[in-house]
Amino acid sequence: MWGFQVVPRCNHPCRTRWWSDSTYANSSVSCRIWAGAFQTSGASVYKLRPLSQLLWTVSCGNFLKTGNNVKDNMPVATDLVVSAVFWVLALSVVLKVDGASYRERPKSSDVLKGDTVTLHCTIDGLPPSEMVQWYGPPDMRHISSGNVIAKRFKGRYRILGDTSRGEHNLQILRAANSDEGDYRCSTLSLDETADATLTVVVPLSGPPDIIGDTAPRKAGQGLMLTCTSVGGRPPPRLTWYNGTRPYKLPDDAFKKGINKGEVMLNLVIPYLTKWDNGANLSCKANQGFPSLVKARTAVKVLNVRYPPTVTVTPKTSRVMEGESLNVTCHVDSNPPADVDWRKVGHALPFRVDNRGQVLHLDRVSSSDAGIYQCIAENGIPPDGYGTFKLEVLFTPRIRQTFDTKVSVLYGQDGFSLECVAEGNPRPQVRWRRQNTELYMGNPLVLSPVNYDVEGKYACVATSPGFASVDKETFIDVVGRPEVRDSSLSTLTIVEGGDATLICEVASDPVPDGITWFWRDSNGKETIYTAGITEHVAVREERTIKGVKSLLTVSTAALDQAGNYMCRASNMFGSDQKDFRLEVQDSHLTLIIVIAVTTVISLLAVIVGVCIVKKKGWICDDRDSETSSVSVSRPVPPVPGPDMVDREERDGKPEGLYEYDVNNGTLKPRPPPRLDKDPYSIGLSYPRLVNVLPSYATVERDQPKSPDPDLQPRPSGDGECAPSITELPPRHSGLFECKAVDNPSQRPPGYNEIHAF
C-alpha cells in the first residue's frame, strides 16, 4: 500500500513523506512534477510517467493516507488539481509493482573512428503507453524517445530492433570523436538507469620515431635513444624492448611532448658490450584496443664495433707423420677481421695451405711440429690471437753426429762418443757392441783406450710404438804397439829339445818390424829378425789385432839359455816383452826325475800305513768281539743338586762329566793338560763340578771304590792297558789309554778313560 502525507509545521515549508509498506522517503522540500519525472530536493523517490510541465507547490495541509480528503488549510482552487495528480501518482505506483525491467543492459563499447557501432538496450514489461529514452554526450543530452530521434542527431543515429519486444538499440553511423562519452537507456517505469561508455578510437598515423645517435658505437661507450609518437586517440603507451624482453624504465623516462598528442620515452644504455651488437631495440606504441588497432613498432638494430676474439680448434693435436690436418681459427669481431697464420719462431712450411680461417697441413712431417698462431685484425685494438700446438709422432732417427769409423789414440785416458737421436715419443738411446747383447749407456765411454776396445759399435734408439733403429761405427784404435801379456815368461826345456817363444803384438799401424834380442849368461847380446839363423828361426803371422812373432830354438844347447826379448815399434812408439829360457842337462834331469818319483812313492806308502792303522786293520790286540760292541748307551741321568753339593763338600772329584747349571745336562769334559793353564780358553772347563770314576758307564748309585774289573797294567814298552778279564755289559764302549809325562802329578792308580 502506498501513500503520501504532507505534515504541516508552523512557519516552515511543508514536509512531504512518501511511503510504502516497508519504506519511507522523508524530505523537507518543495515538490515539483515536470516532463514525466517526480523529484525532491535531497532524495529521489520514484520516477512517474510523463506529465505536462506543471509546478505544484504543496501548501500547509495534509493528505490522508487514503487520499480521500484534504485539510481545510489547502486552497480550494487547487483541490481538484491536487486530487487528480494524486490519483495519477497512485496509479503509477500501483503499476510499478509489476513494471518494466532490463533484459539487456547497454554495454560499454569502442569503435574505430568512421565505423558503425550499436548500443543494445532491451526492456521487458514496458507498458504500451511508455517510451524508452536514450541520452548521450555531451552532458546527457536527450537523443531519442521511442523511435523518434532528436533533430540534432538525425542522419547518423537511429533506433533498431523490435520495439514490440522491448528492443530499443541505438546505432551510430560514421562514429566521430564527438560521439565519445556516456550513454543511458531508461524509462519512467524503471527505478534505475543503465549507462554505457562509448570510446571512439583514432588510430596512429604511423609507427613511432626513434631519435638518437644511430651511428655505429664502440664497445664500452654509452647510448641514449628517444621514442616519440604523435597523434592517436587515446594516446598510446610506449614500451622499449630488447628483442622480446621489455626494459624496465623509471617513471620519469616517460614524457609528454610540446606538441598536442605527442608522447616520448627515453632509453639509456650506459655501457655497450659486444653482446649488444645486432640487438633489436624496438619501441612499441600500444593504444590498448587490440581488436580495433594494432600496436605500432619502430625497430633499431644496434651496430656495436668491438675487437676480434679468437678461438682455435683443436687446441692441441697429435698426428702421425705423413697424415694431413685442418685447423680452424674462429673469429668473433665487428667489423669482420682479416685472418693470418704464422708459425712461432719459424716460417710456415711450404706444404701449408693458408685458407684464411682454415689452415690445412698436408702430409705433415716431424719438422712441422711446433706452435702455430692465428692473428685477427679489424682496425679496433687490440688484435686477436689464438694458438695451436702440433705434435707429430714419428719413428726414431739418429742424427749424423759421428762417422762410420772413429779413430782413437791408444793409451788415451778417456774417450766418449755421444749418439743423438730424435723421435716422438722421445727415444731411449744405448750403445751395443757387435755380436753381443751387452748394452752400454749413452754417451759411450772407453777408458783406458787399448786395442781390446777396438771394434764395431751400434747406437740403438728405441721408442714405444715404433721399431728400434741403429747406426754402426767402427772404433779404430791407433798408436804404439802393445805386446800382449807383457809379464816375464819362463820356459824350461831339456838339452837337445826345441823351444818356441811367442810374441803377440797388437798394433795399428802394423809394426815396422819385430826384433828379438838374446842375452846369454855372459851378457853377450844377439839380435834376431825374421828368418833362420843357425839353430834359431823367427817367423811372423798376421792376426786380427796385429802381428804374432814366433822364435824357435831347435836342438837347444846349454849355452842357448838366457834372457830373450821381443820388441815391436811403429811411428807412435814401441813395446817389448821379456822371456827366460832355461836349458837343463839331460843327466841331471834324469836324476831329478828318479828322486821325485821315489819321494812320491814313499809318501804314498806312509799315508797308506797310517790309514790302515787308523782303521784298526792292523796292530789291534783287542778281542774282535769287544771291538764290535755298540757304544750307544743311554745317557746317564742328570745328578741332582744334592749330589753336586755333596761332592763339592767332600772335595773329591769323582767323575769326568760336568753338570751344566744353565740347562741341567751332563756333557763330557776334555782331559786337562798339565802343561797349560787350566783356565786357558779351549783347554778346560772351569765349572767342573763332578768327576766320574774311572769307568765308562754311569749308574744312578755310583760306587765309592775303584772297579776291580778295570785295573791298569803297565807294559814294558811304555804302554798301559786296563786289566780286563771278563768285562761286564756295563763296561761296553771305547777306551783310550794316555801316557803322562810326569806321573807324580797324578794320584796313584790314576788313568783317564775317555767315553766317545
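No experiment lies behind these values; they were computed from the predicted model shown.

Section: the overall build of the protein
Along its length, the protein carries four helices and 54 strands. Evaluated residue by residue, the protein yields a buried proportion of 35% over its 756 residues. Look at the contacts in the protein between residues 6 or more apart in sequence, and 59% of them connect residues 24 or more apart. Carbon and sulfur atoms make up 53% of the accessible area of the protein, which amounts to about 44900 Å² in all.

Comments concerning the side chain of S333
The topology assignment puts S333 in strand β28 (residues 325-334). Here the side chain of S333 touches P335 through a polar contact of 3.0 Å, landing on its backbone oxygen. Among the polar contacts made by the side chain of S333, one reaches the main-chain amide nitrogen of A337 at a distance of 3.3 Å. Once residues lying within four places of it in the same chain are set aside, the contact partners of S333 are Y306, P307, P308 and N378.

Digging into the pattern of salt bridges
For the structure on display, the rule yields 20 salt bridges. Among the ionic pairs, E422 bridges to R397, the shortest N-O distance being 3.9 Å. Note that E422 is positioned in strand β36 (residues 421-424) and R397 in strand β33 (residues 384-398), a separation of 25 residues in sequence. Of the residues examined, E422 reaches a relative accessible area of 29% and is grouped as partly exposed. Judged by its relative accessible area of 29%, R397 is partly exposed.

Some details on a nonpolar patch on the surface
On the surface, a nonpolar cluster with roughly 330 Å² of combined accessible area is contributed by L409, M571 and F572. Its location among the elements puts L409 in strand β34 (residues 405-409). We classify L409 as partly exposed; its relative accessible area is 44%.

Side note on the packing of aromatic side chains
With the rule as written, the count across this model stands at six aromatic pairs. Judged by centre distance (5.3 Å) and plane angle (50°), the ring pair of F402 and W431 falls under tilted. Within this pair, whereas F402 is found in the loop between β33 and β34, its partner W431 is found in strand β37 (residues 428-433), the two being separated by 29 residues in sequence. Neither residue differs from the other here; F402 and W431 are each classed as buried.

Remarks on the sheet that holds strand β11 (residues 141-145)
Spatially, six strands are ordered β7-β16-β15-β10-β11-β12 in an open sheet, and the strand pairing comes out mixed. The sheet is open, and its two edges are formed by β7 (109-112) and β12 (148-149), each paired on a single side. As paired elements, strand β10 (residues 133-136) and β11 share four bridges and run antiparallel to each other. The partner of G136 across the bridge, within β11, is R141.

Quick word on the side chain of D276
Within the secondary structure, D276 sits in the loop between β23 (262-269) and β24 (280-286). Here D276 occupies a buried position and makes no salt bridge, while the nearest side chain of opposite charge, R245, is found at 6.9 Å. With sequence-adjacent residues up to four places away left out, D276 is seen in contact with Y271, L302 and V304.

Remarks on the confidence of the model for the protein
Summarising the model, the protein shows a mean pLDDT of 75, and 68% of its residues fall at 70 or more. Here residues 92-97 is modelled with pLDDT under 50, and outside its nearest four sequence neighbours on either side it reaches six contacts, counting other chains as well. Contacts for the low-pLDDT stretch residues 752-756, under 50 throughout, to residues beyond four places or in other chains number 17 contacts.

Topic: the environment of Q584
Looking at where Q584 falls in the secondary structure, it is placed in strand β50 (residues 573-584). Using a relative accessible area of 32% as the deciding quantity, one classes Q584 as partly exposed. A C-alpha to C-alpha distance of 9.9 Å links Q584 and G497, two positions 87 residues apart in sequence.

A closer look at the environment of V547
Take V547: it is sitting in strand β48 (residues 546-553). It is 7.3 Å that separates the C-alpha atoms of V547 and V510, two residues lying 37 residues apart in sequence. Excluding anything up to four places from it in sequence, V547 contacts C503, E504, V505, V510, P511, I514, E540, E541 and R542.

Here's the deal with unusual backbone geometry
Looking along the chain, the bond that leaves N334 and enters P335 is cis, with omega of 0°. When you line up the elements, P335 lands in the loop between β28 and β29 (338-343). Looking along the chain, the bond that leaves N424 and enters P425 is cis, with omega of 5°. Positioned with a positive phi, D139 is a non-glycine residue whose angle comes to about 60°. Even without glycine at this site, M140 takes up a positive phi of about 55°.

Calculation notes
Residues numbered from 1 in each chain as written. Predicted model: local features only at pLDDT ≥ 70, side-chain atom pairs only at ≥ 80, totals over all residues. Heavy atoms only, no water. Helix = DSSP H or I, 4+ residues; strand = E, 2+ residues; numbered from the N terminus. Buried < 20%, exposed > 50% of the residue type's maximum accessible area, 1.4 Å probe, protein only. Contact = heavy atoms within 4.5 Å. Areas by Shrake-Rupley, 256 points an atom, 1.4 Å probe, with all protein chains shown as cover. Polar contact = N/O pair within 3.5 Å; in protein donor to acceptor, adjacent residues only side chain to side chain. Salt bridge = Lys/Arg side-chain N within 4 Å of Asp/Glu carboxyl O. Patch = residues over 30% accessible without salt bridge, like charges linked within 9 Å, V, L, I, M, F, W, Y side chains within 5 Å. Phe/Tyr/Trp six-rings, centres within 6.5 Å; stacked < 30°, edge-to-face > 60°. Pairing = 2+ DSSP bridges. Lys, Arg positive; Asp, Glu negative; His and termini not counted. pLDDT = per-residue confidence, 0-100.

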